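# Summary of the model geometry
Read off the chains here:
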Amino acid sequence: MTLMTIIDDTVLHQSKKQSQKLEKLWQDVEKKQARNRRYRAKLDGFYEEFKPLIESKEHVVCTATGKWIQHLLTFVPRKTIKGNQRVELYAWIEEELTILEANPFNPISTTDLRESFTSLLIDFQSTMPKQSVSDEELEVLREDLFGMFGEWLPLSNDELIDMIHHPERFQAYIHDMLSQNNNAEAQDEHEDDFEWDEAVWDMGDDFSFENDDSELPMSTALFEDKAMTKLYRQLANQLHPDKEQDLERKALKKDLMQLLSQAKKDKDALALLMMAQEHLPEYKLIADEDMIKRVEAALYSKIALLNQEHQFMQDGNDIKSEIWRRFGGGVKASRAKTLQQYGDLLIVESEALYAKINNVTTVQAMREQLSQRIHQQELNSMMGFGVFEDFLN
């Protein structure tokens, strides 16, 4: 059934060209809806394939990470870990906590771990006499923070000294900065990748809006038209499950009523028209010039929203989109191989964490680990600066 089968435009003697334009837009809406359903089904299907193969192994590595964090926490009270090594210890704990919190399969309570971390920081600080902090020590801390975040942080000397004397505040600050950086990176990636379908804006010279804001207000205006109010009531009366005796059809109508309610919530007039096509075969929308204009605007708006929905599914941060982007490439056999390799990698990672727990048991061993991390960060910073210099030259 086509759009024009439910539009009564006899009072206008609508041109064939305009009718064809509306039909083309209507078909485009249906195609994009079908495309989005297929893509969503693909995400859902792959997630169901991923979950039984990988979830238990994700739990294993999360458990190992939690135990490694607990092991790192045992070094917080050690007074022989000082200066930039202590800063690095706190940063390492924060990093591991952030990784654990970012894992959607994580079964470990990071709240408990964070509370333990804060408690240890407070206890440690209570045992330490407040000492003056030299300018050289402040400069070292600034450089460490620069290496961690890749930028000079707008902290005064007094603020830095306060953090040195109150490590729990230092921990909270690092956590907040890491969260902000992660959110900013995700937003930048989304903005860089997002592209609108140019066809959405190709409205033709004969199309105009009543205002310059966007096409969405006109779509809303279509929904709020009394004709749509009447249609909504007709559909609600036709589809209400309480009026159905057959249990199977009653369940079906319950689902349809949910769709109808969602259309009302979204102010989606086109969804009402599509439901009318299927469930009200005698329905006709009486269309004057203003109504045709609103229908056309609603079609353009719907196409834009469907394209946006599709883009969000491709670039979104939800777990299903993330899993598909990372593991969904290639044919089914190659995806299965990739999942197997990833599962094996998780087991190797968890075993490596348990090995570190067993091997790094002394303060000296931990200080060596911290020195290696600081040295690696310095190398990374130098390499990055060298690349920048090459670019400038």
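These numbers were taken from a predicted model, which means no experiment stands behind them.

What counts, and at which threshold
- Residues numbered from 1 in each chain as written.
- Predicted model: local features only at pLDDT ≥ 70, side-chain atom pairs only at ≥ 80, totals over all residues.
- Heavy atoms only, no water.
- Axes fitted to C-alpha atoms, helices over the stretch in contact; angles between N-to-C directions.
- Helix = DSSP H or I, 4+ residues; strand = E, 2+ residues; numbered from the N terminus.
- Parallel < 35°, antiparallel > 145°, perpendicular 65-115°, else oblique.
- Left-handed = near helix turned anticlockwise from the far one by under 90°.
- Contact = heavy atoms within 4.5 Å.
- Nonpolar A, V, L, I, M, F, W, Y, C, P; charged D, E, K, R; others polar.
- Buried < 20%, exposed > 50% of the residue type's maximum accessible area, 1.4 Å probe, protein only.
- Polar contact = N/O pair within 3.5 Å; in protein donor to acceptor, adjacent residues only side chain to side chain.
- pLDDT = per-residue confidence, 0-100.
- Core = buried A, V, L, I, M, F, W, Y, C linked by side-chain atoms within 4.5 Å.

Bringing the packing of helix α9 (residues 226-239) against helix α10 (residues 247-266) into the picture now. The interhelical angle for the contact between α9 and α10, taken along N-to-C directions, is 165°, at an axis separation of 9 Å. One way to sum up the angle between α9 and α10 is to call them roughly antiparallel. Relative to α10, the crossing made by α9 is left-handed. Across the interface between the two elements, Y232, L235, A236, Q238 and L239 from α9 touch K253, L256, M257, L260 and K264 from α10. Of the residues contributing to the contact of α9 with α10, the split by class is seven nonpolar, one polar and two charged.

With that out of the way, let us pick up the side chain of N103. Its location among the elements puts N103 in the loop between α2 (83-102) and α3 (110-126). The buried category is assigned to N103, whose relative accessible area is 17%. A polar atom in the side chain of N103 sits 2.8 Å from the backbone nitrogen of F105. Not counting residues up to four positions away in its chain, the partners in contact with N103 are E58 and C62.

If pLDDT is low for a region, its predicted coordinates should not be looked at in detail. Of all residues in the protein, 82% have pLDDT values of 70 or greater, and the mean over the chain is 81. Looking over the protein, one finds the lowest element-wise mean pLDDT in helix α7 (residues 198-201), namely 36, and the highest in helix α14 (residues 332-359), namely 93. Low pLDDT, under 50, characterises residues 190-216; the predicted model gives this stretch 44 contacts beyond four residues in sequence or across chains. Scored below 50 in pLDDT, residues 385-393 makes zero contacts in the model with residues more than four places away or belonging to other chains.

Next up on the list: the nonpolar core. Residues V76, L89, I93, F117, L145, F170 and M366 are the most contacted members of the largest nonpolar core, which totals 41 residues. Looking at which element gives the most residues to this core, the answer is α2, with seven residues. Those residues in contact with V76 that lie beyond four places of it in its chain are R86, L89, Y90, I93, F117, L120, L121 and F124. Core analysis: the second largest hydrophobic core is formed by 39 residues, I6, L280, I292 and L299 among them.

In this section: the environment of T65. Inspection of the secondary structure assignment puts T65 in helix α1 (residues 16-73). With relative accessibility at 7%, the residue T65 sits in the buried group. Spatially, the C-alpha atom of T65 lies 8.8 Å from that of I99, the residues being 34 residues apart in sequence. For T65, the contacting residues outside a window of four places in its chain are E96, L100 and L353.

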